[in-house]
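Below are the chains, spelled out letter by letter.
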Amino acid sequence: MSRPLIVGFGGTTRPGSSGERMVAAVLAATAELGAETRLFGGAALAALPHFAPENPERTPEQREFVEAVRAADGLVIGSPGYHGGVSGLVKNAIDLLEDLRSDTRVYFDGRAVGLVVTAAGWQAGGVTLSALRGIVHAMRGWPTPLGIAVNTVAQKPFDAEGRLADADIAAQVKAQAEQVMRLAR
């Protein structure tokens, strides 16, 4: 049996953002469980032009992103909790996935989707996680039972070298990776 492909996307325009690192951490945990992974971080998402449904032309970056998600057996989506909502950068990437509407496996159909939110407070984290769950349901995906919300003010998920340093968050990352992989197989 081939290795499942888990595609992750998220982050901000800031290189090394906590959101991008959290998505990368979940992907790394799925790789430890046997997955092939692909990450579209903040810089890759920032390179995607605004989704325009009336324009079917796609840039090479847009085609690469859509094809990766199309091939994915599971997904990990991360967003900062800007003002209690999904960031425009992440939402634009999700909107581009409208290109999957005519596929045999429409949108996220049959895929587990791990969700990660980083926010400077608990309220924004919870509200944004709920919004992402609603989007995934609307796109026929199955959000994993465990969604991860990190309060970047109250918690310090990473050490100075960028490694996961918080044992509770690391346990959540591992659990979410296991849930994504269970369905991907």
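Please refer to the structure placed before this passage.
Residues numbered from 1 in each chain as written. Predicted model: local features only at pLDDT ≥ 70, side-chain atom pairs only at ≥ 80, totals over all residues. Heavy atoms only, no water.

Turning to the pairing of strand S5 (residues 112–119), a few remarks are in order. Of all eight residues in S5, eight are buried; the element is thus mostly enclosed. Burial along S5 is two-sided: the face carrying Ala 112, Gly 114, Val 116 and Thr 118 and the face carrying Val 113, Leu 115, Val 117 and Ala 119 are both buried. (Buried < 20%, exposed > 50% of the residue type's maximum accessible area, 1.4 Å probe, protein only. Helix = DSSP H or I, 4+ residues; strand = E, 2+ residues; numbered from the N terminus.)

Glancing now at the nonpolar core. Residues Phe 9, Leu 45, Phe 65, Ile 77, Leu 97 and Phe 108 are the most contacted members of the largest nonpolar core, which totals 31 residues. Tallying contributions element by element places helix H4 (residues 88–96) first for this core, with five residues. Residues in contact with Phe 65, not counting those within four places in the same chain, are Phe 9, Phe 40, Leu 45, Leu 48, Ala 93, Leu 96 and Leu 97. (Core = buried A, V, L, I, M, F, W, Y, C linked by side-chain atoms within 4.5 Å. Contact = heavy atoms within 4.5 Å.)

Looking at where Asn 92 falls in the secondary structure, it is placed in helix H4. Using a relative accessible area of 11% as the deciding quantity, one classes Asn 92 as buried.

Right, let's get into helix H1 (residues 18–32). Relative to the 21 Å expected for 15 residues at 1.5 Å per residue, H1 spans 21 Å between its end C-alpha atoms, a close match to the ideal helical length. Following H1 by one or two positions, Gly 34 adopts a phi angle in the positive range, close to 110°. (Expected span 1.5 Å × (residues − 1).)

For helix H3 (residues 60–71), built from twelve residues, the straight-helix expectation of 16 Å at 1.5 Å per residue is met to within 8% by its first-to-last C-alpha distance of 16 Å. Residues Gln 62, Phe 65, Val 66, Ala 68 and Val 69 constitute the buried set of H3. The buried side chains of H3 occupy one side of the element, clustering within an arc of 160° when seen end-on. In the core, the buried residues of H3 are packed alongside strand S1 (5–10), strand S2 (36–40), helix H2 (42–46), strand S3 (74–82) and H4. (Arc of directions from axis to C-beta.)

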